[in-house]
Amino acid sequence: MAISLAIFASGAGTTAQAAIDACAAGRIDGSVALVVSNNAGAPVLGRAAAAEIPWRHLSSKTHPDPQALEQAMLAQLRCAGATHVMLAGYMKKLPPAIVAAYAGRIFNTHPALLPAYGGRGMYGDRVHAAVLADAQTRSGATVHLVTDEYDSGPIVGQVEVAVFPDDDVGSLGERVRAAERELVVEVLARVARGN
């Protein structure tokens, strides 16, 4: 079954781009139907525009009332015909109505081997700094299903990345992000195949 993917992202959108490219190349049986960001200036919106994918800025700035924002998000997902949702560096918690409407079909990426280094406030470079502070020898990336609790949904894919003695936050983060992008493509390809 071909999937129709909505991607929520807050920043540069390199993971979103990996999914867009993989759909275009046929690695994922499906297409990206919508890109949503809570950040009006996020580069991911430019990536969506360049790929001629509909995009929306939806946030507390566009909809100060949380319920209105939730309904606007749901309306956009339905209008786009999205069958699945991917959170790719999305820095906000999804409203409960979306989690309920797409239960079992919302995926999140996390730059560590969950359950380690997960939870509220653990994202991006904060995760890599914590891994290095604990002198870990391995880190990685996780894709998991989204539930109402941060980073606690069932894990659907993980990839390990070695931590080298001379790593800093930048070098470790770069390798984890590269592995994470490939993991996202693999997971979405499996989902599209019905696995």
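No experiment lies behind these values; they were computed from the predicted model shown.

The rules we used
Residues numbered from 1 in each chain as written. Predicted model: local features only at pLDDT ≥ 70, side-chain atom pairs only at ≥ 80, totals over all residues. Heavy atoms only, no water. Helix = DSSP H or I, 4+ residues; strand = E, 2+ residues; numbered from the N terminus. Rg over C-alpha atoms; globule rule 2.2 N^0.38 Å. Contact = heavy atoms within 4.5 Å. Areas by Shrake-Rupley, 256 points an atom, 1.4 Å probe, with all protein chains shown as cover. Axes fitted to C-alpha atoms, helices over the stretch in contact; angles between N-to-C directions. Left-handed = near helix turned anticlockwise from the far one by under 90°. Nonpolar A, V, L, I, M, F, W, Y, C, P; charged D, E, K, R; others polar. Salt bridge = Lys/Arg side-chain N within 4 Å of Asp/Glu carboxyl O. Buried < 20%, exposed > 50% of the residue type's maximum accessible area, 1.4 Å probe, protein only. 1 Å grid on protein atoms, 1.4 Å probe; cavity = no way out; pocket = protein on both sides within 12 Å on 5 of 7 lines; lining within 4 Å. Points joined across faces, edges and corners; volume = space filled by probe spheres on them.

Engineer: Quick question: what am I supposed to make of the overall build of the chain here?
Structural biologist: Per the secondary structure count, the chain includes 6 helices and 7 strands. Listing every helix and strand of the chain by position from the N terminus yields β-α-β-α-β-α-β-α-β-α-β-β-α. Relative to a compact globule of 195 residues, whose C-alpha radius of gyration would be 16 Å, the chain shows 16 Å and is just as compact. For the C-alpha atoms alone, the extent of the chain along its principal axes is close to 50 × 40 × 30 Å. Considering only contacts within the chain whose residues lie at least 6 apart along the sequence, 62% involve residues at least 24 apart. For the chain, the exposed area adds up to about 9100 Å²; of that, 53% sits on carbon and sulfur atoms.

Engineer: I'm lost on the packing of helix H5 (residues 124-133) against helix H6 (residues 169-192) in this one. Help?
Structural biologist: When two helices pack together, their arrangement is captured by the angle between the axes and the distance separating the axes. Across the interface, H5 lies against H6 with an axial gap of 9 Å and an inter-helix angle of 115 degrees. The two elements H5 and H6 meet at a crossing, and its hand is right-handed. Contact with H5, carried on its side by Asp125, His128, Ala129, Val131 and Leu132, involves Val169, Leu172, Gly173, Val176 and Arg177 of H6 and no other residues of that element. Grouping the amino acids of the contact of H5 with H6 by side-chain chemistry returns 6 nonpolar, 2 polar and 2 charged.

Engineer: Help me understand the pattern of salt bridges, please; the structure alone is not making it clear to me.
Structural biologist: Where side chains of opposite charge bring their charged atoms close, a pairing between them can arise. Per the counting criterion, the structure on display carries 4 salt bridges. Arg27 is the salt-bridge partner of Glu182, the closest N and O atoms lying 2.5 Å from each other. Taken together, the residues Glu182 in helix H6 and Arg27 in the loop between helix H1 (14-24) and strand E2 (30-37) connect sequence positions 155 residues apart. By relative accessible area, which is 34% here, Glu182 ends up partly exposed. Under the relative-accessibility criterion, Arg27 is labelled partly exposed at 45%. When the shortest N-O distance is used, the salt bridge between Arg177 and Glu174 registers 3.6 Å. Pair noted here: Arg177 and Glu174 are both in helix H6, with a separation of 3 residues, about one helical turn. Here Arg177 falls in the partly exposed class, since its relative accessible area comes to 30%.

Engineer: I keep staring at the layout of surface pockets and nothing clicks. Help me out?
Structural biologist: Empty space among the atoms can be located by rolling a probe the size of a water molecule over them. Taken as a whole, the largest pocket holds about 880 Å³ of empty space. Surrounding the largest pocket, 40 residues form its lining, Gly89, Tyr90, Met91, Thr109 and Tyr123 being those nearest its centre. Contributing elements (two or more residues each) for the lining of the largest pocket: H1, helix H4 (96-101), strand E5 (106-110), H5 and H6. In terms of residue class, the lining of the largest pocket is built from 15 nonpolar, 15 polar and 10 charged. The space that makes up the second largest pocket amounts to roughly 260 Å³. Ser59, Ser60, Leu69, Lys92 and Lys93 are the residues nearest the centre of the second largest pocket, which is lined by 16 residues in total.

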